[in-house]
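So you can see what is in the structure, the chains are spelled out below.
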Amino acid sequence: MLSFKEIRELIDLVSERGLSALEIEQAGFRVRIEGVRAATNGASATAAAPAALPAPEAAPAAPPEVDPRLHVITSPIVGTFYRSPSPESESFAEVGQKVARGKILCIIESMKLMNEIESDVEGEILEVYPKNGQPVEYGEKLFAIRLAA
Amino acid sequence: MLSFKEIRELIDLVSERGLSALEIEQAGFRVRIEGVRAATNGASATAAAPAALPAPEAAPAAPPEVDPRLHVITSPIVGTFYRSPSPESESFAEVGQKVARGKILCIIESMKLMNEIESDVEGEILEVYPKNGQPVEYGEKLFAIRLAA
Amino acid sequence: MFKKILIANRGEIALRIISACKELGIKTVAIYSEADRDALHVRYADEDVCVGPYPSAASYLNISSIVSAAEITEADAIHPGYGFLSENAYFAEILHDCNITFIGPSPDAIRKMGDKSLARKTMTAAGVPTVPGSPGPVETADEALAFARRAGYPVILKASAGGGGRGMRVARDDRELSGAWETARNEAEKAFGNAEVYLEKYLESTRHVEFQVFGDHRGNLRHMGERECSIQRRHQKLIEESPSAALDPELRGKMGEAAVAAARAVSYTNAGTIEFLLDPRGNFYFMEMNTRLQVEHPVTEEVTGVDMVKEQIAVAAGAPLSFLNCDLKPRGHSIEFRINAEDPVSFKPSPGRITTFNPPGGLGVRVDTAAYQGYLIPPHYDSLIAKLIISGRDREEAIFRGRRALDQFVVEGVKTTIAMHRRILEDPDFVAGRISTRFMDRFAEA
Amino acid sequence: MFKKILIANRGEIALRIISACKELGIKTVAIYSEADRDALHVRYADEDVCVGPYPSAASYLNISSIVSAAEITEADAIHPGYGFLSENAYFAEILHDCNITFIGPSPDAIRKMGDKSLARKTMTAAGVPTVPGSPGPVETADEALAFARRAGYPVILKASAGGGGRGMRVARDDRELSGAWETARNEAEKAFGNAEVYLEKYLESTRHVEFQVFGDHRGNLRHMGERECSIQRRHQKLIEESPSAALDPELRGKMGEAAVAAARAVSYTNAGTIEFLLDPRGNFYFMEMNTRLQVEHPVTEEVTGVDMVKEQIAVAAGAPLSFLNCDLKPRGHSIEFRINAEDPVSFKPSPGRITTFNPPGGLGVRVDTAAYQGYLIPPHYDSLIAKLIISGRDREEAIFRGRRALDQFVVEGVKTTIAMHRRILEDPDFVAGRISTRFMDRFAEA
C-alpha cells in the first residue's frame, strides 16, 4: 500500500520524467498516474514536454536498478547450508574469489544427504548470504556473483 | 484511504503538473481525477500545456452539470402522496403552473394524518415525480421547479 | 404467520432479524437514515424505506415515519431489535392501534419494568430479592443523604427511567454523594428526558448474571439459563458468556425460578432478560428487566440450540414456545466478544472506513456483523461493528478458541477492541473464572 | 504433546489445521510453493518455509523438501491434510524413520486400503459386504468383457491405485466397455502412475453414504456416524450432510458396525472414512476407505461437537479417544456446500482475483476458507475456495438457513458454484431427501 506522501512523490516523478503513465497494482490496491497530456499535434508537442528534457532513458516505473552483470544463485532445495565439507575444512568459496562454472560453492544437507551446489556461471563472488549451518528454504539467495566480462 | 483534504491536494497536483489523469483504487474505494480537458486543436493546446498556468476554474471530476435555476422539493416524511385533497377535487398543482412560495403542492398521508406540503420557492413546476396515491420515502423527489428569475 | 416484517433498526441486529425472517420465508422491509444508504441491512432486505436524516431522533426514533413505512409497505409486524424503540411502550401501543404486531412484550409489561422504582416494588411483591434501596424516587439531596447513612455507604444513584449505565453514579461518602446528586440528575434528564433518580446500596465484588426468559401467549413462561456479563467498562458489557462459572445446578435452579417469578409478575410475553447482582456468598438481587432482545442473545442460542429471533417471531404470531418439552441444559460453553470501533486506550469511538475486514471462521466461530471491507462506519450511531461468538465443549476450549479467532480477526482502517479482548483472554483471573463487575478496573490499572 | 507441527498442505485445510494447533498451544510451520507467497496459511503460521516452485510435484508433493523443512524448523509432527501426501504410505514411512510423527494411520493401513483390489479382499475376509467385482486387477480387455457379461451390465472400471473419481468409467454394454478400457487405463496411469484397473458391477440409484471412524493407539475404535454424499458431479462431491435422511437407527447401527469391522481389519488408527453404496432396499456395499481427514469432516464436527483435527493430533500423540464415554448421537443437522471457483455451466475452473468477498455469518453458519478480498486464486491447484457449513435443529431448518446464507454470500471477480447450490436447495427432490448419486445428472438436464 502506498501512503499519500508516496503517491505525491510518484506524481512528481511522473511529471518530471515526462512519463506517459505509471500504474501500480497489488492486492486490491491500484494507482494509475497518467502523465502530462499527450499533445495531439506536432506544434503543441514541443510545449507539452516542458522542463522534462532530462528524461532520455526514462525507464518507467523501474524496479530498483539491476546490474546486468550481477548473478544470484538461489537454493534449489530446502535444507541446511554449509560452506565447507566438514567443520575442520576450509570454505568452498570466499568473497572475492573467482570461480569457474561447475565449481562447488557449498553443501545443502537435506534428509541426511549432502547436496553439492555448483556455480552455474563464471565470475567473482561478491556476497555469501546465509551463515554456515543456517537453514535455507527453496529459492533463498545463497551467493551473489559478478559475471566475468 | 484518502481524506477529503488529501484528494483536494491531489487535484491541485494533477492540474498543476498538467497530468491527463490520476486514478487510485483500493478496497472498494476509487478516485479518478482527469486533468483539464485536452484541447483538440493546436492553438488551445499550447495554452493548456504549461504547468505554470494555475488552471483557474479547473473543476475536475465535476458531477453532472446542475442547472442553478432548478429546484427540487423532496418529501420531508414517509407516507402516501396525493395530488389533490380528495379523489374528486382538482390537483393542487400541475406541470407548467406558476407557484408562489407557500402554495400547497400536495398532501402526504402519514399515520392517518394529512400533511400539506408547501412550495418553499417561487417558480414554475417542471415535473411531478410520484404518481397520485404512490408511497414516498423520506427525501424522495416530489416536484421540480424552475425558479422565477 | 406474518407475511412481511419491518425491521425498525440498523446494523448487525437488523441483519440478524432479516436472516431469521428469510429462514421463515417472511418478506422483510429495512428502514434507514440518509447516513445508512450503503448499509448491508438495506441491501439484504426485500424492500427498504428511507425514514429520515442521520440524527436518530429524526429517523430510527421517528415513530410516525416508521409506522408510515410499515403502512406503505403493508408490513404486518415490526421487530424493534435492541435499543432505539425496542423498550418504548408508546410505540408498542401505537402499533397495536394500527393493527401491526409489535414483536415484543405488551406495552403494559414494558411500562411496568421500564419505571425502575415501580419495577422494584413489583419484584418485592412477587418475592424476588432486590438490592436494599430507596422505596421510590428520591426528591432532594437531603433525602438521599438520609438513605445513604441508614443503608451504609457505598450507594449508587440510578435514573428511574434509565438503563445502559447512563445516569448512574457511585458515592462512597457524604461528600461524594452531594457531588454526584446533580450530575446524576442532569445525566438522567439528558438521556431519558426525566431527571428522577433513586438510590441503592452499592454491592461490591458482585457479578452481573442475567437470566433469559421467554413467554408465549398461552401462559407458558420458561427461562433459558443464564449469561455471565460481569466484564463491563462503565456499565457497558464487553464480554458475555454462558453458562456462568459461578453457578452450580442448585443456584441456577433458584435464580431461574426467581427470574420466571419476576417475569410472571408482569404477565410477560416474548423474550426478556432479568438482570441480577450475585455476591460471592450466592445471594442474588434483582437489578432490572430488559424487555427486549439483548445484544448478547447469541451465547444463549449457542448453548441451547434455539434460534431466539425465530422464536420471538413465532411467539408473536401466536405459536407456543418451541422448547416446552426440550431439555435446555447448557450444552458446551459460549463466549461473546463485542468488537467496537473505538480507541482501546481512550475508549473514544473510531468511526471511518474499514479498509480491510477479514473475520475468522472455522469450527465454533460465529460472527454477527453488518460490516464489510470498504464500509464507512458512520459517526452517528453506536460503535459495535461485530460480535464474535465462540463456542466450545467447555470454557477452556472456548477461551483457547477465542484467542486463535481474535488473532485471525483482521480489521484495518479503524481502531477496535480486538487487541483488548486478546489481553483479557490472557488474564489469569479471567481464565480461572475469578471475575466481578470490577474486573475491568483492575485490568485497566494493570 | 507435540511442540511444533508442520502442515504439509495449503488452502482452507492448512488454515483449519493451524487453528486447531493454536487452540492446543502448539507452534505451526507452513510450507508453500512460490505461487502461494501471499496465502493466508503462510501468514497465520508461526513459521514458514518455501519448499519449491508452483508445480505440486516440485513443492507440495516434494517429500525431501518437506521432510527437510520439518528438520530445519525442528517440527516433531506433520499433518498432511487431505490430498497431496495424505495417503502416501512411503511418506508416512520416511517420517517414521526420521522420528517425525505422521498425523494419520500407519503406513501399513494406508497401503492395505490404498490398493483397491487388496482392500476388497480384506473386506470380504472381514465379513464386510462389497459390490460384486473382479477378484483383482483385470489384465486384458477380454478379461473385462468376460467379467461384465458374467456380472451383468452396467459395470464400472476403477483404478487400483485410485480415488477421487479419476480413472473411473461406467460402461453399459460391450461396445462402451471396449471404448472405456483404454481411457480408464490411461487416466489411471496419468493420475496415479499405475495403469491397473479393476471392474465392479455398477449399482444405480444408490446413495453414497460414508462413515467416519476413529481409532486410538490403545485399541479403541469407534464410528462417529455417517455423512450423506450423494450430491456429486463426475464423482466429485458437491454437498455433504449429516445425518443421512436414508438411515434409521437400526440401519445406522448395522452400517456403523460394518465400518468399525472394516477399519479393525487393518488395525486402523486416527481418522478414516469408510465409503458405502446404499441401495433403496437398505443393502450396503463397501466401496473404499479414505485413510485421512475428509474435506467434508466439518458436518460430523457440527453434529457430534467433536473437533476432529484436535482429536487427530491428540490421538497421534498417544491420547485415548476423547469421546469414549460420550453419546455421539447426531445433534441437529448439518450440510456442507463446496464453493468452488468455477464456471457453473462448463464447470471449468475460474481462477483470478477475488475483488469482493463477503461470507455470510450468524447463527448456524460456519465458513472454512483461505480466501479473502483481494486474493488471487492461483490456477495451479484445486478450485475449492470455501466450505459453507450450515447447521440447524433439523434438516428443514438447515435447508432454509442454507438458502439465506447462500443469498448473503457475495463473491465477485471469479465465477463460483454459489448460484448452483441455491438452485439445488430449491429442488423438490432434494428438499424431500429423495437423492441418489444420479441426482446431478437429472439436475443438469432440468
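Structure shown above.
Quick look at the structure, then. (Residues numbered from 1 in each chain as written. Chains lettered and ligands numbered in written order. Predicted model: local features only at pLDDT ≥ 70, side-chain atom pairs only at ≥ 80, totals over all residues. Heavy atoms only, no water.)

## Brief notes about the environment of D:Asp142
Residues and elements named next belong to chain D. Along the chain, Asp142 falls in helix H7 (residues 141–151). Residue class for Asp142 comes out exposed when judged on its relative accessible area of 60%. In this structure, the C-alpha to C-alpha distance between Asp142 and Glu204, residues 62 residues apart in sequence, is 24 Å. (Helix = DSSP H or I, 4+ residues; strand = E, 2+ residues; numbered from the N terminus. Buried < 20%, exposed > 50% of the residue type's maximum accessible area, 1.4 Å probe, protein only.)

## Topic: unusual backbone geometry
All names here are of chain C. In this chain, Ser242 is followed by Pro243 through a cis amide linkage whose omega measures -5°. Inspection of the secondary structure puts Pro243 in the loop between strand S11 (236–242) and helix H9 (249–264). The phi angle at Ser205 is positive, at roughly 50°, despite the residue not being glycine. Here Ser205 falls in the partly exposed class, since its relative accessible area comes to 40%. Of note in the backbone geometry, Arg234 takes a positive phi value of approximately 55° without being a glycine. Mapped onto the fold, Arg234 is located in the loop between strand S10 (221–233) and S11.

## So, the packing of helix H5 (residues 107–114) of chain C against helix H6 (residues 116–126) of chain C
Residue and element names in this part refer to chain C. At a minimum axis separation of 5 Å, H5 and H6 run at an interaxial angle of 95°. Between H5 and H6, the angle is such that the two are roughly perpendicular. Along the contact surface, H5 presents Lys112, Met113 and Gly114, while H6 presents Lys116, Leu118, Ala119 and Met123. (Axes fitted to C-alpha atoms, helices over the stretch in contact; angles between N-to-C directions. Parallel < 35°, antiparallel > 145°, perpendicular 65-115°, else oblique. Contact = heavy atoms within 4.5 Å.)

## Some thoughts on the arrangement of the chains
Comparison of the four pairs of chains in contact shows the highest number of contacts for chains C and D. Nothing in chain A touches chain C, and the closest approach of their C-alpha atoms is 10 Å. Contact between chain B and chain D is absent, and the minimum C-alpha spacing across the pair is 8 Å.

## Side note on the relation of the copies chain C and chain D
The second copy of the chain is related to the first by a rotation about an axis and a shift along the axis. Mapping chain C onto chain D is achieved by rotating through 180° and translating by 0.0 Å along the same axis, at an RMSD of 0.1 Å. This pairing of chains is accounted for by a two-fold axis. When C-alpha distances to the rotation axis are compared across chain C, the minimum falls at C:Arg366, with a value of 3.4 Å. Of the interface residues in chain C, 97% have counterparts in chain D that sit at the interface too, so the contact is made through matching surfaces. (Least-squares fit on C-alpha atoms with pLDDT ≥ 70 in both.)

## A word on empty space enclosed by the protein
Under the defined criterion, the tally for this structure stands at seven cavities of 30 Å³ or more. A volume near 680 Å³ is recorded for the largest cavity. As for the largest cavity, its lining consists of 49 residues, and the residues nearest its centre are C:Pro359, C:Pro360, D:Pro359, D:Pro360 and D:Val367. Of the residues that constitute the lining of the largest cavity, the class distribution is 22 nonpolar, 14 polar and 13 charged. (1 Å grid on protein atoms, 1.4 Å probe; cavity = no way out; pocket = protein on both sides within 12 Å on 5 of 7 lines; lining within 4 Å. Points joined across faces, edges and corners; volume = space filled by probe spheres on them. Nonpolar A, V, L, I, M, F, W, Y, C, P; charged D, E, K, R; others polar.)

## Quick look at the sheet that holds strand S6 (residues 104–110) of chain B
Note on sheets: strands pair through backbone hydrogen bonds, and any given pair is parallel or antiparallel. All names here are of chain B. Taken together, the four strands give an open sheet; going across it, the order is S7-S6-S4-S9, and neighbouring strands pair in antiparallel fashion. On the outer flanks of this sheet lie strand S7 (113–118) and strand S9 (135–136), each paired with one strand and no other. In terms of strand pairing, strand S4 (residues 79–82) meets S9 through two bridges, oriented antiparallel. Bridge assignment links Gly79 to a residue of S9, and that residue is Val136. (Pairing = 2+ DSSP bridges.)

## A closer look at the interface of chain B and chain C
Chain B puts 14 residues into the contact, and the matching count from chain C is 21 residues. Both sides together, the interface formed by chain B and chain C hides about 1300 Å², and carbon and sulfur atoms give 63% of it. Interface area lost by chain B to chain C is led by B:Val78, B:Met111 and B:Tyr138, which between them contribute 48%. Across the chain B-chain C interface, the total number found is one salt bridge. Here C:Glu71 ties to B:Lys112 by a salt bridge, and the two come within 3.1 Å at their closest N and O atoms. Inspection of the region where chain B meets chain C yields six residue pairs in polar contact (both at pLDDT 80 or more). Residues that form the side of chain B that touches chain C fall into these classes: eight nonpolar, four polar and two charged. (Buried area = accessible area lost by both parts, 1.4 Å probe. Salt bridge = Lys/Arg side-chain N within 4 Å of Asp/Glu carboxyl O. Polar contact = N/O pair within 3.5 Å; in protein donor to acceptor, adjacent residues only side chain to side chain.)

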